[in-house]
Amino acid sequence: MGLDIPGATGSRPDAVPLDESGAEDLLRGICFKTGPPRTVGVELEWLIHDRERPDLPVGRERLDSAVEAVRALPLSAALTFEPGGQLELSSQPAGSLMECVDTTAADLAAVRASLGAAGLAPVGLGVDPWQPPYRRLRERRYEAMEAALDRAGPAGRAMMCTSASVQVCLDAGEEEPGPLGYGRRWQLAHLLGALLVAAFANSPFQQGRRTGWRSTRQSLWADLDPGRTLAPGSGRAPREAWAAHVLDTTVLCIRCEEGPWDVPEGLTFREWIRTGSPRPPVRADLDYHLTTLFPPIRPRGHLELRMIDAQSGPDGWLVPLAVATALFDDPEAAETVYRAVKPLAETAGSPAAPRNPLWTTAAREGLADPELRAAATVCFGAALPALERMGASGAVRATVAAFTDRYVARGRCPADDLTEPGDLTGRSLLADRSLLTGPSKPTGPVPPAGPDVPTGPVDGPALGPERLVAGPPTIPPSPPRPGKAASA
């Protein structure tokens, strides 16, 4: 979600109040750090469930104990816990895809082992299919966020407490035009992003019911705030568009030294600068405001791709990481993909992502949509040779190829593997562990590749009944780490 700085106030006595031109200059200077793409990072969010009965809530004392054990691990990645108890690993910037994969895999293996000792497991689904939203963290940031997002309906709480994702972080790109130029990559991200939503959609259920979306998580992000989750409007250069968008988005909260944070209604950051009330904003307030904006692609010097559902299985996460890195950073693949997705702009129309027809179709239909399926076929086909050129291991390439064969070639996405929530009881979860371990082969009849592909579910893991989480939240806040990106 942005910088994790629990309890920070951001208003030193000697801080200089911002003016509009100064704020615009700051934003234009920090949003896109240009140069040849060299580094990559990934942020992995996981739902935490009992290994034997993932449909049941984890008791607070058991979760607290598991949290402390995980926090004691010597990890390379930054570790945090989201408001609903989701675990997040945020890798350090890596100099290559394989460095990112190897260090993240090692960290994740350690986390899985620690959780396993407590009978728990990280579950890779975009939205918790069993539990209702229940906030375990009692930090002032989340108190303010909940109050602000509640004004738009229940999607905000569901996003905070029951969603999980794979976020890929890539360099902004070169200053000059071309396949690796930051302007091209910014445009590409908003078209390819919809395709990534569709290909990796993995959240068709919420509170024991089918929602009608293959990516319920993406539908929540589109609904939770009319402006906070939108991409900047088109028609301006990327730096100018982002600076205007930041200043014209409403302030989520105004922090203070003591007591609850103020949650103004309808106050944009630009208006806050102009009025100076309840106090003049300073640079730290602008920095914090940036962490409360949740567009599908967030420029933070680098590009943060935020639209991908969490993926099931021990290796599911590396497929979106590898594919996105290959399609953005390999010049030949980037050019092929740009030509493949550019026609999608007509479907998207003028509304900003994710509230346009292209992104809505991607979240609802996945790759069952013929246009998205055709573009995905080209893109995943370009990713495999690009990964070889980038030095990806045979294991990584094989994992991407298996995903391509299982889903993309058949016009399917991971959500299509999941059965109806009422078909199986909690007891049968003991015999089907694919949510926890990931299927090594299809869990049911997979339709053949070809134009006429059924889009209904195949046999898969069961979902249990809705249950409430008992007991007050107790997960202690994570220590502040400047620069750490979180998701909610």
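Residues numbered from 1 in each chain as written. Predicted model: local features only at pLDDT ≥ 70, side-chain atom pairs only at ≥ 80, totals over all residues. Heavy atoms only, no water.

A closer look at the overall build of the chain
Part 1: A count of helices and strands for the chain gives 17 helices and eleven strands.
Part 2: Buried positions account for 58% of the 488 residues belonging to the chain.
Part 3: Contacts spanning at least 24 positions in sequence make up 80% of the contacts within the chain whose residues lie at least 6 apart.
Part 4: Here the chain has roughly 17900 Å² of accessible surface; of this, 54% comes from carbon and sulfur atoms. (Helix = DSSP H or I, 4+ residues; strand = E, 2+ residues; numbered from the N terminus. Buried < 20%, exposed > 50% of the residue type's maximum accessible area, 1.4 Å probe, protein only. Contact = heavy atoms within 4.5 Å. Areas by Shrake-Rupley, 256 points an atom, 1.4 Å probe, with all protein chains shown as cover.)

Quick notes on the packing of helix 2 (residues 60-71) against helix 3 (residues 97-117)
Part 1: Between helix 2 and helix 3, whose axes approach to 9 Å, the crossing angle comes to 150°. In this structure, helix 2 meets helix 3 at a crossing whose hand is right-handed. Counted together, Ala66, Ala69 and Val70 of helix 2 and Val111, Ser114 and Leu115 of helix 3 form the full contact between these two elements.
Part 2: A class-by-class count of the residues in the contact of helix 2 with helix 3 yields five nonpolar, one polar and no charged. (Axes fitted to C-alpha atoms, helices over the stretch in contact; angles between N-to-C directions. Left-handed = near helix turned anticlockwise from the far one by under 90°. Nonpolar A, V, L, I, M, F, W, Y, C, P; charged D, E, K, R; others polar.)

Quick notes on the pattern of salt bridges
Part 1: Following the criterion strictly, the structure yields 31 salt bridges and no others.
Part 2: Across the pair arginine 270 and glutamate 20 runs a salt bridge, and its minimum N-O distance is 2.9 Å. Of this pair, arginine 270 sits in helix 9 (residues 269-275) while glutamate 20 sits in helix 1 (residues 20-30); the two residues are 250 residues apart in sequence, bridging distant segments of the chain.
Part 3: The class of arginine 270 is buried, set by a relative accessible area of 12%. (Salt bridge = Lys/Arg side-chain N within 4 Å of Asp/Glu carboxyl O.)

Details of helix 7 (residues 216-223)
Part 1: With seven of its eight residues buried, helix 7 lies for the most part within the structure.
Part 2: Restricting attention to buried positions, one finds in helix 7 the residues Thr216, Arg217, Gln218, Ser219, Leu220, Trp221 and Ala222.

Side note on unusual backbone geometry
Part 1: Going from serine 277 to proline 278, the amide bond is cis rather than trans, its omega being 5°.
Part 2: Mapped onto the secondary structure, proline 278 falls in the loop between helix 9 and helix 10 (283-290).
Part 3: For the bond from alanine 353 to proline 354, the omega torsion is 0°, close enough to zero to count as cis.
Part 4: By the element assignment, proline 354 lies in the loop between helix 13 (344-348) and helix 14 (357-365).

Concerning the confidence of the model for the chain
Part 1: On average, residues of the chain score 86 in pLDDT, and 83% of them reach the 70 mark or higher.
Part 2: Scored below 50 in pLDDT, residues 1-11 makes 50 contacts in the model with residues more than four places away or belonging to other chains. (pLDDT = per-residue confidence, 0-100.)

As for the pairing of strand 3 (residues 78-81)
Part 1: Residues of strand 3 alternate between two faces, with Ala78 and Thr80 on one and Leu79 and Phe81 on the opposite face, all of them buried.
Part 2: In terms of strand pairing, strand 3 meets strand 4 (residues 87-90) through four bridges, oriented antiparallel. The partner of alanine 78 across the bridge, within strand 4, is serine 90.
Part 3: Where strand 3 folds back on strand 4, the antiparallel hairpin that results is connected by five residues, among which glycine 85 adopts a positive phi of roughly 95°. (Pairing = 2+ DSSP bridges.)

Quick notes on empty space enclosed by the protein
Rolled over the atoms, a probe sized like a water molecule indicates the empty space that remains.
Part 1: By the definition in use, this model includes seven cavities of 30 Å³ or more.
Part 2: If you add up the space inside the largest cavity, you get close to 230 Å³.
Part 3: Around the largest cavity, the lining comprises 19 residues; the ones closest to its centre are Ile48, Gly84, Asp128, Gln131 and Arg136.
Part 4: Breaking the lining of the largest cavity down by element, the ones donating at least two residues are strand 2 (40-50) and helix 5 (155-162).
Part 5: Here the element with the most residues in the lining of the largest cavity is strand 2; it accounts for three residues.
Part 6: Across the lining of the largest cavity, the residue classes tally to eleven nonpolar, six polar and two charged. (1 Å grid on protein atoms, 1.4 Å probe; cavity = no way out; pocket = protein on both sides within 12 Å on 5 of 7 lines; lining within 4 Å. Points joined across faces, edges and corners; volume = space filled by probe spheres on them.)

Some words on helix 3
Part 1: Spanning 21 residues, helix 3 covers 30 Å between terminal C-alpha atoms, matching the ideal 30 Å at 1.5 Å per step.
Part 2: For helix 3, the set of buried residues is Leu97, Met98, Cys100, Val101, Thr104, Asp107, Leu108, Val111, Arg112, Ser114 and Leu115.
Part 3: Where helix 3 terminates, the next one or two residues include glycine 119, which has phi positive at roughly 75°. (Expected span 1.5 Å × (residues − 1).)

Describing the state of the cysteines
Part 1: With the rule as written, the count across this model stands at zero disulfides.
Part 2: Free of any disulfide, cysteine 256 has its nearest neighbouring cysteine sulfur in cysteine 253, separated by 9.3 Å.
Part 3: Judged by its relative accessible area of 24%, cysteine 256 is partly exposed. (Disulfide = S-S within 2.5 Å.)

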